[in-house]
Every structure is written in C-alpha cells, then in structure tokens.
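Each chain, written out:
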Amino acid sequence: MVEIGKTVLDTGWLAARSTEVEITGVQLTTTQPPTEPSSPWMEAAVPGTVLGTLVKNKLVPDPFYGLENESIIDIADSGREYYTFWFFTTFECKLSNNQHVDLNFRAINYSAEVYLNGHKEVLPKGMFRRHSIDITDILHTDGQNLLAVLVYPPDHPGRIPPEGGQGGDHEIGKDVAAQYVEGWDWMTPIRDRNTGIWDEVSITVTGPVKIVDPHLASSFFDSYKRVYLHSTVELVNKSAWVAECSLNIQVSTELEDNSFLIDHLDTQQVFISPGANVHYTFPQLYFYKPNLWWPNGMGKQHLYNVEITVDVKGFGESDTWSHHFGFRKIESQIDSATGGRLFKVNGQPIFIRGGNWILSDGLLRLSKERYMTDIRFHADMNFNMMRCWGGGLAERPEFYHYCDLYGLLVWQEFWITGDCDGRGDPVSNPDGPLDHDLFLLCARDTVKLLRNHPSLALWVGGNEQVPPPDINAALKNDLQLHPYYMNSNNSGISTITPVIKDPSQYLDGTRVYIQGSMWDGFADGKGDFTDGPYEIQNPEDFFKHDYYKYGFNPEVGNVGMPVAATIRATMPPEGWQIPLFKKLSNGYIEEVPNPIWTYHKYIPYSKPGEVHDQILSYGTPKDLDDFCLKAQLVNYVQYRALLEGYTSQMWSRYTGVLIWKTQNPWTGLRGQFYDHLHDQTAGFYGCRSAAEPIHVQLNLATYSIEVVNTTSEELSNVSIEASVWDLEGECPYYKTSDKLIVPPKKTISTFEMKYPKSKNPKPVYFLLLKLYDVSDNHIYSRNFYWLHLTDGDYKLLEPFRERRPPLKITSLTFIKGSAYEMRMHIENTSKKPDSNTPLYRNNFIRTNGSCDELDSSESFHLLDGEKHDISLYEKIRRNFSREHNMAKVSEVNGTGKGVAFFLHFSVHASKKEHKKGEDTRILPVHYSDNYFSLVPGEVMTITISFEVPPGVTPRVTLHGWNHHDVHTIL
C-alpha cells in the first residue's frame, strides 16, 4: 500500500507568458508538454510570483535595486495578459486500492485554470483561499502526471497615479487581494500585483476517509490547574460504502532527546455514510496543571503535539493530521484607567510592546528560513506582539509556527484599509471589495487555516477602517467568543457546564474580533485618525504626559536608515550620495535626499519647525559611512526612548504600543529595525534594551531613574548603580540607591540623576545604569546613555573619536558543519577594574521567558580556564560536540583611558580581493547585543551565531565610534 500523507510540489516547475504559448492546456498536459527551460519556457519560482520568476531568470532587473523598478512595465500599461502566465510541472503518484489523492493549492493570486492529464478544473477568484481537487480518477498511477496551471492577475490591478499615493488609485480594493501592491508611502508598486502560485502546492494521499480542518481549543478551571482540550474534526467519506472508523487523538510532549512522552490517547468509533461529510467532536481530554504557553518575556513557549488519525475497518490507517498546540488563554478588554485595550494571557496582564508587520518579501519569496530569521529577530528585540497589517497578507502557517516557537502574539487583520476602502485620497470605494461573499469565504478559510496556533491573539477587521456593514456583522457573528473566553474569571469555575456548546465547534471562539485598528480600545477607540506620528521626534518628548492622548497606540513610526554596506549593496554609486542639508530661515534644517533615496521612501532625520536635525547634532557627516554611522546613533536613541517613554507610563496612561514598522518587504529606507538583507540597525538594539522584561532607565523628561518590572514576580533586594563618565574617561558622578522593592507589573521612579545640576558639568557625558541583586551582584539590567546638557549637542563626540581605549577580546568558537557559535569576551583595559565594585563583570541574571541573557562571569571563567558549572556552555558544547572549536585572544592597542563607544561586530566572507562596493557580509547573524559601549575596566560577553555558505570562511570584525579601524577577531 502506498504511504498516506502529503508531498509538496516545489521543484521542477517551468513558466511561460500565456501570449507566447500557442497550444492549449489540454495539449500541454497530453501530447505537447514542455520538457526543458527553452523559450518561451523558463524555470519558475513556485511558490512565488510571475515577477519573481522573471527576476530569477534575469529577464527583468531586480526591482528593489536602485531605480530599476521604473524600467519594469506596470500591469496598468501592459494589460493583464502580459502577466498572465502558464506554470507547468510533472509528478508521479502510485495508488493502491481504495486510496484517493487530492491536488492542493494553499493560495494562488488571483484565479486560475488547472489542467492535469488533459482534464480541466477552474480555480475561482480570491488570493486568500485554499483549493483542493480530487484527482483520483484522472491520475496516471503508473507513470508521469502532467500538470499545467494558467494563472490570471487580479481583476482590478489598478493604475499608479503620477504622485503615487497610498494604494495607488485604490482599484485593487475591489478584489480580495493584498492592497500594498499598488504602492504606499513606504513601498514602491509591485508591477505584477503579486500574480502567481504564491503558496504551497501539494498532493495528499488518503484512504477512504479524509481528515479536514480539525479545530483544537482549551478551557481552564481552578486557576489554570484543571484544563481541558476540546477537538472537533471534519471527516469526508470518499468511498461508496459505510466507513466504520476508529478515530484516534494522541497528545504528546517532545523531550530533550527528541523522543515523545504520550500524555493522552483516546479512541472513538464513528460510522460515516457513503460520500458524507460529518463533524465529530471528541470527548474533552483532561489535563492537570499542564505546561502553559506564554508570550515572549513572560515564560516558556510550551507546545504539545496533537495527532489525529482515522483507521477504517478493512483498510487500515486512512488519514493522519498533526499540529503543535499550546495551552493558553488570551483575554482583552478596554481598560478603565487608560481607555486602551488591556490584554491578559493566562490571567496575567501583559504590557504590549511590538511592531507592525507588512510581509517578509514583496515578491513573495517566502521561505521557512526567512520566516525563522524574521520572527527570531522580533523575539530578540524582546517584542511580544506583531500586527499583520490589513494591506498585506493573511500570514502563512510557517510564519505562525515560528511565532508559536518564539512567543510572539499576532494581531491578524483582514484585507481592508482605509486608503483603499472608503477613506483614501481620492475617496475610494466605501463598500469594500465588489464580492462580499468571496471576502467572507476567504476570511472563514483563513480562520480555519490559522486558528490552532497559540500565538494568534486577535482578529481585526481592517486597517484604519472597518469592513462594510454586512461583512463586519458576519465576522462579528462568525468570530463571537465562546463563554469560556469572555471577560470573566472563568478560570476559577469549578465545573464544565454541559449545556454550553463545545468550544471546538465554533469557527473560532477563543480570541476576540475587533472591527478596526483604531476602534474599541485602540487609538481613540472611535476610528478617528489618531495613530502616529511617523517621523523623527525629540527623544524627551516620548516621556511627556501629553505626548499621546490614548491608551494603546497601534502605529507610531520613526526613522530607519540602514548601514552603509546595505546602501552600497542595493543602490548604484549615484545612490551613495548623502542628503544636502538646507538651512531654513527659521534655523531648522531641511534634508534634500538624492532621487534614489526619495524613491526608496527615505524619511529625514529632521522635522523643520519641531525637531532639529538629529544627525547634524553629531557634526556634519563627511561621507556615506559617516552619515550611516551617525544615523545608527540616532536610531538607537530614538527607538529606545520611544519604548522607554511608553513603558515609563505603563498602566497609568498606556496599555501598549506597536511601532510602525519593524521591517520593509523591499529595500526601503524608513521604519525598520533590520533591512531587507537581514542586517540589523542600531535601533534593533535600542529596542532590545528598552523592552527587556526587567529594565532600568532614565526618564529623559525628568531625569528620574526608573525601574520597570513587567514580570509576575516581585523584585526585592535590588539596587541601582548610576555612574557618569566624561570624555576623558573620568567618573565625576557615582551613586547607588538604597535597597528597592519593585512590585510585579510596575514601573517605579527612584532618584533623580543630578549630574547636569552639579558644579561645572561636562557638556557631553555618558551615563551607565545597572540594576543588580545586592546579595550577589548579579545584574538584571544594564543601560548605557550618551547625553548632552540642555540646548546642547553631541559635536564634542567628533574629536573624541581619536581617543581610542585599548581592548582585550577573547573569543571561543564552536563550529558544526556550516553553523558557527561564538562567544566574544570584550574588556576595556584602559583601567583596572575596582575589585570592590564587581559589577564591572556584568554577570547577568537570566529572567524567565526572556531572550538569552549572557553571564559574563561564565565566559570570564571559561575563557580563563577555571573550573565552573555553566549550563549555557554545556548546551553549546553538547550541540557542537565532536566538531571543531577554537579559542583566540586579540589585543587592540589604544591611545588612552576612556569609554569604548558604540562598538559593533559584523561577519564577512574572507576574500583576498573584492571590488569597491562589493558586499562581503554574511547575513543573517544573530548577536546577543551590538552597538554597545564599555566604560574603563568593564567587561561584556557577546554571543554571535550564523551559518556560512558552502566554501566560505568567515571573518568577524569589530568597529566602533572611537575604534574606526576595522579589527579582525576571527
């Protein structure tokens, strides 16, 4: 018997423009199939888009490089037939008696004709719906099957006005499709409007009975001690006889050695009539104190594996389905104190700090590897929520899988935007898509696709708009909460009420539906345009009580300049010119960027009339490298201040904030923490610092030092060390606080940092804050600031670049195949550490649920050969056992005592020779920290992990503000 299961068809595809293929789909899949990529046929990107296929074959230039997108014809000018393409592949599939096979398309854009072995099927319209075709009777089970798919673009691709605009002319809003493709203020238009087979294609073999869309849900009682798993499954009997079925559900836990511990196993007998579809609900399974799934920063992301199988009498195993599942309860309500929406997970309030997400790549080159990097980056920033914006995608299961693993809550919007659906300029169609039934069909199918993921926190009707009344009413009805998930303390209920419908019988009753992104606890709650702002700010303004009036800001944006290497890699030399700084009559600066930066949506670092140019505050940049380095200083300050300002008023004014936005799906120059090539900006690490679960910070409006505790545990026996360091490396101000008690879920104010009020304060200085445990000097939080006096600037940092303190860098490298794991131990040796204040070692405490924190003492002892017990090292050692490892000590000579300022590592491919502007970086790289600074005598440990391409030897370099020569560490 042929093994049941799924086979993904993701290789061997060919593509051709439909107008260049003169034969029919029947002929293509019978007598005249293409056999090789010769004109008009080419290798195809499946999953992917037409434009992605053309780029892959170098038939059009990279649309994300420079101004090349302007040389690619837009669908409005070419006509839809220009981007209507054939896609062709072959596959083999043998079947045994009573087996069936389905051909599945998880998504296409926008409609298609499918031909298999001369037989035609039509795939109806809609970008966000699945298609499944029973091909059992037309399959060639003894040889090759010929599959051709003719894919049509959206019906209303629209036209891009000369001035661009949000969603072009808004015509795309008439279809159920991604709306960003007509361009936005952060995005250039996508010429084919993402036409293509953009998601997984597969065939699935089953027996007589098929499993369809199981739904898993859980209910909680007795303060989460008693938990029930609810499950309902749709069963389809494809046979001509009554199927006598054994329906099995198994719940297991994966152990560290990759084995599984079975927690539950239950079997039910079911009889299904010939050709029938039935929904069967299992008896609920009881768990006592199961491991709960928690968001990033609150605890671990415990996942169980749920497997459902159906055995048919006289046949055997007919079908199987499995999915990870996390026990968690998400509630939300409008907070009476702030007016913002307040979220709770497993009964614990969670202060939302996250970002807006468009999609990973504008050509829909979506891979598991890219998704994993994207989501891990968000977790590394200590974020706990991602908002999938309504003009983008219903994100894919792989996206949600990594959100489940890394603990990112997801706000998923449906495909409505104010710009394209009633509130645009010019005013767009207020009735949404033309086909409301199609919209609802896609919405319901999306819910079924994604509802079992614990990371999915809420559904939202649209971006800055609500769906049309009939769609909105249907969604409210379809997504109504089950009573167990309504806002009551039902975790304390003692018994299940038998008359209540089982939660797994709902379409989705476990997470709230909100009608729009500025309604019901978001922005002003009434739908007025009260999100934003979206540009550079004075850092101290984020802390002021009148900065933002409402309790939860769903969008607040800022700058996003990448590093110079990314500019050179994504633009021709004329794009390497930095902006002109035009002085206005009011004394403010207007930046005038080059045309390529303007095309890539550059957002300036000045706001004439309100914010002086923040890059010029460090001195006039000399060239691209200098400009981008100074931009990184500003990025770090801006985004750290943004999150610290909101967190400073946690619960008193705010319940959450989402930054617009975390990344770009192309090589854009605004609103991002890492670029399209996956290199992080300094803003990434500013966010990582500000959003750590336990954090010490300076209120930039009052200069009060605050402690943030977002965990559920009280902090006691802790103290703050505050030290000021001047540009000569002296410490003119030092203070430690009394012992503190910091309640859970609180921000407290402690003492004022009074150095600026002291006699003869220096105009530019550094402030180092540490929150530590008094009993053992382990550090909960470390935060480093560079500051100037009121009405001053940072121009004195320019001559400070010549003061280069010596460094000692000890590295330990583990290598396993292409994977590298490095621990860098960096010491500023310009001053011997004071043994009476051992905080210089930066021995970090690992807080439960946070991203990996490093204990420098572990590295210190490890690299000096002393005996110690070190769990993280043991994990690395086991993972990289029997493979190559090496240790190395590097000395960087210096010219005097001082702060080693704004150090950052990067990883490159070793090359004896490379062309000017050639990008040698190895990306992505995960750093435990970067763009960091060390005061005299201080020690830090940084971990670096990355994969190298075949045949490449990596080179790790260190660069800094006052270490401008590149130092090779590995």
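The chain has the name Lysosomal beta A mannosidase in an unreviewed UniProt entry, where Datura stramonium is given as its organism. UniProt, in its Sequence similarities (unreviewed entry) section for the chain, records the words "Belongs to the glycosyl hydrolase 2 family."

A. Up close: the sheet that holds strand β13 (residues 243-254). Strands sit in the order β14-β13-β17-β18 across an open sheet of four strands; the sheet is antiparallel. Each edge of the open sheet carries a strand with a single partner, namely β14 (260-272) and β18 (316-325). The sheet shows a mean angle of 15 degrees between the axes of neighbouring strands, taken without regard to direction. The sheet contact formed by β13 and strand β17 (residues 304-312) spans eight bridges and is antiparallel. Residue Ile-249 lies in a different strand from β17, and its bridge partner there is Ile-308.

B. Inspection of helix α4 (residues 368-380) at higher detail. The terminal C-alpha atoms of α4, which comprises 13 residues, lie 18 Å apart, in line with the 18 Å expected from a rise of 1.5 Å per residue. Buried within α4 are the following residues: Arg-370, Tyr-371, Thr-373, Asp-374, Ile-375, Phe-377, His-378, Ala-379 and Asp-380. Buried positions along α4 lie against β22 (352-357), β23 (385-388), α5 (397-406), α11 (682-690) and β43 (925-927). Once α4 ends, the next one or two residues include Asn-382, with phi positive near 65 degrees.

C. Structural detail: the nonpolar core. Ranked by internal contacts, the top residues of the largest apolar core, which has 229 residues, are Met-753, Trp-786, Leu-797, Phe-901, Phe-905 and Ile-944. Examining the composition of this core, we find that 14 residues originate from one element, helix α10 (residues 624-648), more than from any other. With residues near it in sequence (within four places) discarded, Phe-901 still touches Leu-633, Phe-766, Phe-784, Trp-786, Leu-797, Phe-800, Phe-932, Ser-933, Gly-960, Trp-961 and Asn-962. Counting 56 residues, the second-largest nonpolar core is a separate cluster that includes Leu-229, Ala-243, Met-298 and Ile-514.

D. Representation of the UniProt feature "domain: Beta-mannosidase-like galactose-binding" (unreviewed entry) in the chain in the model. Within this numbering scheme, the UniProt entry marks residues 38-198 as carrying the feature "domain: Beta-mannosidase-like galactose-binding" (unreviewed entry). Secondary structure within residues 38-198 divides into 7% helix and 25% strand; the distance between the first and last C-alpha atoms comes to 23 Å.

E. Quick look at the sheet that holds strand β21 (residues 348-350). One open sheet accounts for three strands, arranged β19-β20-β21; its pairing is antiparallel. Each edge of the open sheet carries a strand with a single partner, namely β19 (330-334) and β21. Each neighbouring strand pair of the sheet contributes to a mean axis angle of 35 degrees, computed without reference to strand direction. One ladder, built from five bridges, connects β19 with strand β20 (residues 341-345); its direction is antiparallel. Bridge assignment links Gln-333 to a residue of β20, and that residue is Leu-342.

F. Local environment of the side chain of Thr-206. Here Thr-206 lies in strand β10 (residues 201-206). Once you skip the residues sitting within four places of it in the chain, Thr-206 turns out to touch Ile-4, Asn-98, Gln-99, His-100, Ser-318 and Asp-319.

G. The arrangement of unusual backbone geometry in detail. Cis geometry marks the peptide bond from Val-46 to Pro-47, where omega comes out at 0 degrees. Its location among the elements puts Pro-47 in the loop between β3 (42-43) and α2 (50-56). Note the cis peptide between Gly-532 and Pro-533, where omega equals 0 degrees. Counting through the fold element by element, Pro-533 comes out in the loop between β26 (512-514) and β27 (552-557). At Asn-717, a position not held by glycine, the phi torsion is positive, near 60 degrees. Tracing the backbone shows Asn-717 in strand β33 (residues 715-725). A relative accessible area of 25% places Asn-717 in the partly exposed class. Despite not being glycine, Lys-745 shows a phi value in the positive range, around 60 degrees.

H. Region of the structure containing the environment of Ile-500. Here Ile-500 shows up in the loop between α7 (469-478) and β26. Accessibility expressed as a relative area gives 27% for Ile-500, which makes it partly exposed. Counting along the chain gives 142 residues from Ile-500 to Leu-642, while the straight-line C-alpha distance between them is 45 Å. When sequence neighbours within four positions are dropped, the list of residues in contact with Ile-500 reads His-482, Pro-483 and Tyr-484.

I. View of the pattern of salt bridges. For the coordinates displayed, the defined rule picks out 44 salt bridges. The salt bridge partner of Arg-191 is Asp-74, with a shortest N-O separation of 3.2 Å. Taken together, the residues Arg-191 in the loop between β9 (144-152) and β10 and Asp-74 in the loop between α2 and α3 (75-78) connect sequence positions 117 residues apart. The exposure class assigned to Asp-74 is buried, which follows from its relative accessible area of 5%. Of the charged contacts, one joins Asp-380 and Arg-376 as a salt bridge, the two residues approaching to 3.9 Å between their closest N and O atoms. Of this pair, Asp-380 and Arg-376 both sit in helix α4, four residues apart, which is roughly one turn of the helix. Judged by relative accessible area, which is 11%, Asp-380 ranks as buried. Relative accessible area serves as the criterion here: at 26%, Arg-376 is assigned to the partly exposed category.

Scoring rules and cut-offs
Residues numbered from 1 in each chain as written. Predicted model: local features only at pLDDT ≥ 70, side-chain atom pairs only at ≥ 80, totals over all residues. Heavy atoms only, no water. UniProt positions renumbered as here; feature names shortened; annotations may be inferred. Pairing = 2+ DSSP bridges. Helix = DSSP H or I, 4+ residues; strand = E, 2+ residues; numbered from the N terminus. Axes fitted to C-alpha atoms, helices over the stretch in contact; angles between N-to-C directions. Expected span 1.5 Å × (residues − 1). Buried < 20%, exposed > 50% of the residue type's maximum accessible area, 1.4 Å probe, protein only. Contact = heavy atoms within 4.5 Å. Core = buried A, V, L, I, M, F, W, Y, C linked by side-chain atoms within 4.5 Å. Salt bridge = Lys/Arg side-chain N within 4 Å of Asp/Glu carboxyl O.

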